[in-house]
Amino acid sequence: MKITKYIIGLAALTAVTSCEKDLELYSDPTCRLNFYYDIDNVGDFKPEMARSAYSFVYGDPDIKQDTLWFEVETMGFVADTDRPISLVQVDSAGVDNAVPGKHYVAFTDAALSSHYMMPAGKARTKVPVIILRDQSLKDKAVVLKFRISANDSFVNGYEQLSTRVVTFTDHLSEPSRWTYAYPYGDDYTISFADYFGDYGPVKHQFLINETGEKWDDEYIDKLMTGDSMYLEYMLRKMAKCLKEYNEQRQAQGLDVLREADGTEVVIEDPYA
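The structure reproduced in this document is the subject of the present report. (Residues numbered from 1 in each chain as written. Predicted model: local features only at pLDDT ≥ 70, side-chain atom pairs only at ≥ 80, totals over all residues. Heavy atoms only, no water.)

**Quick notes on the packing of aromatic side chains**
Tallied over the entire structure, the rule returns 17 aromatic pairs. An angle of 75° between the planes, with centres 5.3 Å apart, marks the rings of Phe70 and Phe146 as edge-to-face. Of the two residues, Phe70 is situated in strand 3 (residues 65–75) and Phe146 in strand 8 (residues 142–149); the sequence distance between them amounts to 76 residues. Note on accessibility: Phe70 and Phe146 belong to one class, buried. Between Tyr180 and Tyr182 the ring centres are 4.7 Å apart and the planes differ by 75°, which places this aromatic pair in the edge-to-face class. Tyr180 sits in the buried class, given a relative accessible area of 8%. Assessed through its relative accessible area of 5%, Tyr182 is described here as buried. Each residue in the set Phe35, Phe70, Tyr104, Phe107, Tyr116 and Phe146 is aromatic and connected to the rest through ring pairs, giving one cluster. Seen from the ring of Tyr36, Arg124 lies directly overhead, with NZ or CZ sitting 3.7 Å from the centre. One cation-aromatic arrangement involves Arg177 over Tyr180; the distance from NZ or CZ to the ring centre is 4.2 Å. (Phe/Tyr/Trp six-rings, centres within 6.5 Å; stacked < 30°, edge-to-face > 60°. Helix = DSSP H or I, 4+ residues; strand = E, 2+ residues; numbered from the N terminus. Buried < 20%, exposed > 50% of the residue type's maximum accessible area, 1.4 Å probe, protein only. Lys NZ or Arg CZ within 6 Å of the ring centre and 35° of its normal.)

This is the structure:
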């Protein structure tokens, strides 16, 4: 019986060893490049993750340009030399597309070439996009849609992870996270707009004035992914502040707070 068990075990071990010998080593020399997102797999990607918004209005009025950083990641082997990364603008229909040299530093600008590199021995790095504070941004927002472009070092990876979109301006504009669908449970999502209602620049400025916070993508993320009790507290507090502010205006013979198109600014306390 012991001999039989030994023979069976030996046969199983031999089969496993044989299978291991049959496995081919990964040898595909193709290197692919994606924008990096902190997700477990590509199936977790949502299109809104690729969008972001920026406004110069939050910063120093003397700043003439700013740098946004985007993380990229390779698929395939790392290399022992630096490898160039190529980006290209993609125009979008129905929007004001950013103009290179006017609204942002062109991706082909020689001064940026050393920054568009995957360092030797690395599989992930950050690349800069330099946006310019053109006077036209006082009156409008522009859209910069750009994608990874194939070159001698990299081909495109997953199509979903190949493009980014930045909307930027020099006045208050809707943060991309205002209507972002945050996961809530297994099959349910909720957005910041579900709490604070439709976006408007007058509402946005009111929130800034009352709290000293920017109420930008970063702050909204902090609220929506943090303590839900604090989020509800902020909602009730801002609703109360708006109610008191409107009462003060009406006592002075003024109308309630409204957007430029006449829409009343509304922040509702669900418990009131």
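Having seen the structure, we can now continue with the description.
**Structural notes on helix 3 (residues 201–211)**
Looking at helix 3, one finds that the buried residues are Lys203, His204, Phe206, Leu207 and Ile208. In this structure, the buried side of helix 3 is in contact with helix 2 (192–196) and helix 5 (228–251). Two residues or fewer past helix 3, Gly212 is found with a positive phi of approximately 80°. (Contact = heavy atoms within 4.5 Å.)

**Brief notes about the packing of helix 4 (residues 217–225) against helix 5**
Viewed as axis vectors pointing N to C, helix 4 and helix 5 meet at an angle of 120°, and their least axial separation amounts to 7 Å. Taken as axis vectors, helix 4 and helix 5 run oblique relative to one another. Residue-level contacts link Tyr219, Leu223 and Met224 of helix 4 to Tyr230, Leu231 and Met234 of helix 5. (Axes fitted to C-alpha atoms, helices over the stretch in contact; angles between N-to-C directions. Parallel < 35°, antiparallel > 145°, perpendicular 65-115°, else oblique.)

**Comments concerning the pattern of salt bridges**
With the rule as written, the count across this model stands at nine salt bridges. Among the salt bridges present, the one from Asp170 reaches Arg133, with a minimum N-O distance of 2.9 Å. Note that Asp170 is positioned in the loop between strand 10 (163–169) and strand 11 (182–183) and Arg133 in the loop between strand 7 (124–132) and strand 8, a separation of 37 residues in sequence. For the salt bridge of Asp221 with Arg177, the shortest nitrogen-to-oxygen distance reads 3.4 Å. Here the residue Asp221 occupies a position in helix 4, and Arg177 occupies one in the loop between strand 10 and strand 11, the gap between them amounting to 44 residues. (Salt bridge = Lys/Arg side-chain N within 4 Å of Asp/Glu carboxyl O.)

Purely geometric stuff here, so don't read any function into it on its own.
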